[in-house]
Each structure stands twice: as structure tokens, then as C-alpha cells.
Amino acid sequence: QAPLVQSGGGSVQSGGSLRLSCVASGYVAGSYCLGWFRVRPSSTEREEVARRKADGRLVVVESMKGRFSISIDDAEELVYLQMNGVTPEDTATYYCGAKSSNGRVCYGQWTWGQGTQVSVSA
């Protein structure tokens, strides 16, 4: 399996939009669980943002529904996180990850991308 490689981070004004990308070669086609997580400044918690569940469903955490969405490009094995209406509270290091799936549950350890910075200014 190739490393997960992220891109698309940067600085954006409050209310703007940003799309993060993750090259997940082998993981998308292999039906792995896929996810987006973030670590906010001064926090040690890797907070879940969105994921492709073991059964293939795409979900966003409740607090971010309507603003964020996760999508998959099967042909290019890309995982996207579309971020709309961002606020300074969205400032964080964002990580994509992959985890083994048996079609019902995810199991084992997450494999992480390198992370990308998102900074939202007021």
C-alpha cells in the first residue's frame, strides 16, 4: 500500500470554502474505511470529521453536517473533504486516514496521511 498523500490546505477567510484531497491508492478500491480527522491548536485530540464507513456509507459528524461533505473519486482513488462556510473554529491540522474493513466494521489501526494545515481568519 502506498502512503496516503494529502493536499489542498491553506489559508481562507471566514465564510469561505476549501477542498482537501487525499490520494489513497489501494485503499479506495480495497473498500477500506476512510476518514477525515482534525487536531485543533492546543489540543491533543484527533477529532473525527467524516468517514466512509465499513458498509460504504459516507457520513459527516452531526455538528458539521450541512457545511462539510466527504466524497470519493473511485477512478483516481481520491478522497475529498469539501469545507463550506468555514469559521475560525475550523482552524486545525487535518488528516486523512484508512482502516481495514470487513464490510460490517472497521478494525485494526488507522494509517494516516501526513496532515495539512487549514487556517481560517476572521
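Nothing here was measured: the structure is a model prediction, and the numbers come from that model.

Relative to the elements of secondary structure, Q117 occurs in strand β11 (residues 116–121). Exposure remark for Q117: the relative accessible area of 48% places this residue in the partly exposed category. Sequence separation between Q117 and R38 is 79 residues; the distance between their C-alpha atoms is 9.5 Å. Apart from the residues lying within four places of it in its own chain, the contact partners of Q117 are G9, G10, A92 and T93. A distance of 2.5 Å separates a polar atom in the side chain of Q117 from a polar atom in the side chain of T93.

Right, let's talk about the packing of aromatic side chains for a bit. Per the counting criterion, the structure on display carries four aromatic pairs. Where F37 meets W112, the ring centres are 5.1 Å apart and the plane angle is 90°; that geometry is what we call edge-to-face. Here F37, found in strand β4 (residues 33–39), pairs with W112, found in strand β10 (residues 106–112); they are 75 residues apart in sequence, far enough to count as distant. Centre to centre, the rings of W110 and W112 are 5.5 Å apart; their planes meet at 25°, and the pair counts as stacked. Site record: aromatic cluster; members linked through ring pairs are F37, W110 and W112. A cation sits over an aromatic face here: R19 above Y80, 4.1 Å from the ring centre. Lying across the ring of Y95, R46 places its NZ or CZ 4.3 Å from the centre.

How each quantity is defined
Residues numbered from 1 in each chain as written. Predicted model: local features only at pLDDT ≥ 70, side-chain atom pairs only at ≥ 80, totals over all residues. Heavy atoms only, no water. Helix = DSSP H or I, 4+ residues; strand = E, 2+ residues; numbered from the N terminus. Buried < 20%, exposed > 50% of the residue type's maximum accessible area, 1.4 Å probe, protein only. Contact = heavy atoms within 4.5 Å. Polar contact = N/O pair within 3.5 Å; in protein donor to acceptor, adjacent residues only side chain to side chain. Phe/Tyr/Trp six-rings, centres within 6.5 Å; stacked < 30°, edge-to-face > 60°. Lys NZ or Arg CZ within 6 Å of the ring centre and 35° of its normal.

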